[in-house]
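In case you want the letters, here they are:
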Amino acid sequence: FPSHDNSLRNMMQKVMAATPKHNPSDAPITAIKYHPGTRFLVGIFLVFMDKILKPGEKTVDSMTYIDAFIIGIIQSFAMIPGTSRSASTIAGALGRKLSKTAATEFSFFLAIPTLSAAAGYKMLKNWDTLSATNLSDIAIGNALSFITAFFAVKFFIQMVQKNGFHIFGYYRIIIGMVFLFTLL
């Protein structure tokens, strides 16, 4: 993760530049089962992403605010059901010539405000139906998710550095095929 004194502030400013301000999509999570084709196509893209989008040498510290804004715009493709938010942002970052490591790190940094805003919005929207037990469950779930994500991100970055993105492409192709066969 960024190591310079001003790196954290600099990175957070870029994350905010890339964070969407409004998400008009509020499709139920169950809608993903109806989009095996999108999962399959994104999987094919991920298999070839290392060849299509050659990484550059930019780091999170050296990327510009324009880079961050464009990556944020590309992230909006994830509103298409079956499209991966992280794959969209990583592809956008590679297209802006970030290194694989920087692209993957920035994608995960960008998830924090994006997913927090979405969760906060849904929580406020359903506030009148939440009990104290629900709120405590949500708090525990968030804390455990943060801890798990911290270790998962480290593992994911090491795996991407070693193997590239094609492994995740094969995973999405298989999931797309499984979903397709369940619809038949």
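The numbering scheme is per chain: residues are counted from 1 as the chain's sequence reads. For this predicted model, a pLDDT threshold of at least 70 governs which residues receive local features, and a threshold of 80 or more governs which side-chain atom pairs are given and counted, while totals over whole chains, interfaces and linings are taken from all residues. Excluding hydrogens and water, the side-chain figures rest on all heavy atoms present in the structure.

J.: Would you mind going over the overall build of the protein with me for this structure?
T.: Numbering of helices and strands runs from the N terminus; a helix is a DSSP stretch of H or I covering at least four residues, while a strand is a stretch of E covering at least two. When you go through the protein residue by residue, the secondary structure sums to seven helices and zero strands. Its helices and strands taken in sequence order, the protein reads α-α-α-α-α-α-α from the N to the C terminus. The buried label applies to any residue whose accessible area, calculated with a 1.4 Å probe on protein chains only, is under 20% of its type's maximum; exposed applies above 50%, and partly exposed to all values in between. Out of the 184 residues in the protein, the part that is buried amounts to 34%. Here, two residues are considered to be in contact whenever any of their heavy atoms come within 4.5 Å of each other. Within the protein, contacts between residues at least 6 apart in sequence are counted, and of these 80% link residues at least 24 apart.

J.: Explanation requested: the packing of helix H5 (residues 100–125) against helix H6 (residues 132–163) in the structure shown.
T.: Each pair of packed helices gets described by two things: the angle between the helix axes and the distance between those axes. One way to put it is that H5 packs onto H6 with a least axis distance of 10 Å and a crossing angle of 165°. The pairing of H5 with H6 is recorded here as roughly antiparallel in orientation. At the point where H5 passes H6, the crossing takes the right-handed sense. Residues Lys-100, Thr-101, Thr-104, Glu-105, Phe-108 and Met-123 of H5 form the contact with H6, whose participating residues are Leu-135, Ile-138, Val-153, Phe-156, Ile-157, Val-160 and Gln-161. Only C-alpha atoms enter the line fits that serve as axes; for helices the fit covers just the stretch in contact. Angles between N-to-C directions range over 0 to 180 degrees. Put simply, angles under 35 degrees are roughly parallel, angles over 145 are roughly antiparallel, angles from 65 to 115 are roughly perpendicular, and the rest are oblique. Crossing chirality is assigned from the near helix's rotation relative to the far helix, an anticlockwise turn below a right angle marking it left-handed and a clockwise turn marking it right-handed.

J.: I'm lost on the confidence of the model for the protein in this one. Help?
T.: Segments scoring low in pLDDT should not have their predicted coordinates read at a detailed level. Across the protein, the average pLDDT comes to 80, with 81% of residues at or above 70. Per-residue confidence from the predictor is reported as pLDDT, which spans 0 to 100. Of all the helices and strands in the protein, helix H1 (residues 7–18) carries the lowest mean pLDDT, 59, while helix H3 (residues 65–75) carries the highest, 92. Low confidence marks residues 21–25, where pLDDT is under 50. Its contacts with residues over four positions away, or in another chain, come to four contacts.

J.: Explain the packing of aromatic side chains to me, please; I cannot follow it from the model alone.
T.: Pairs of aromatic rings are described using the distance from one ring centre to the other and the angle between the two planes. Pairing of aromatic rings covers Phe, Tyr and Trp, the last through its six-membered ring, and needs centres within 6.5 Å; plane angles under 30 degrees mean stacked, over 60 mean edge-to-face, and all others mean tilted. Applying the stated criterion across every chain, the model contains three aromatic pairs. The interplanar angle of 75° and the centroid separation of 5.3 Å between the aromatic rings of Phe-108 and Phe-156 together place this pair among those described as edge-to-face. With Phe-108 in helix H5 and Phe-156 in helix H6, the pair connects residues that are 48 residues apart, well separated along the chain. Accessibility expressed as a relative area gives 24% for Phe-108, which makes it partly exposed. An aromatic cluster is built from Phe-108, Phe-156 and Phe-168, whose rings are joined through pairwise contacts.

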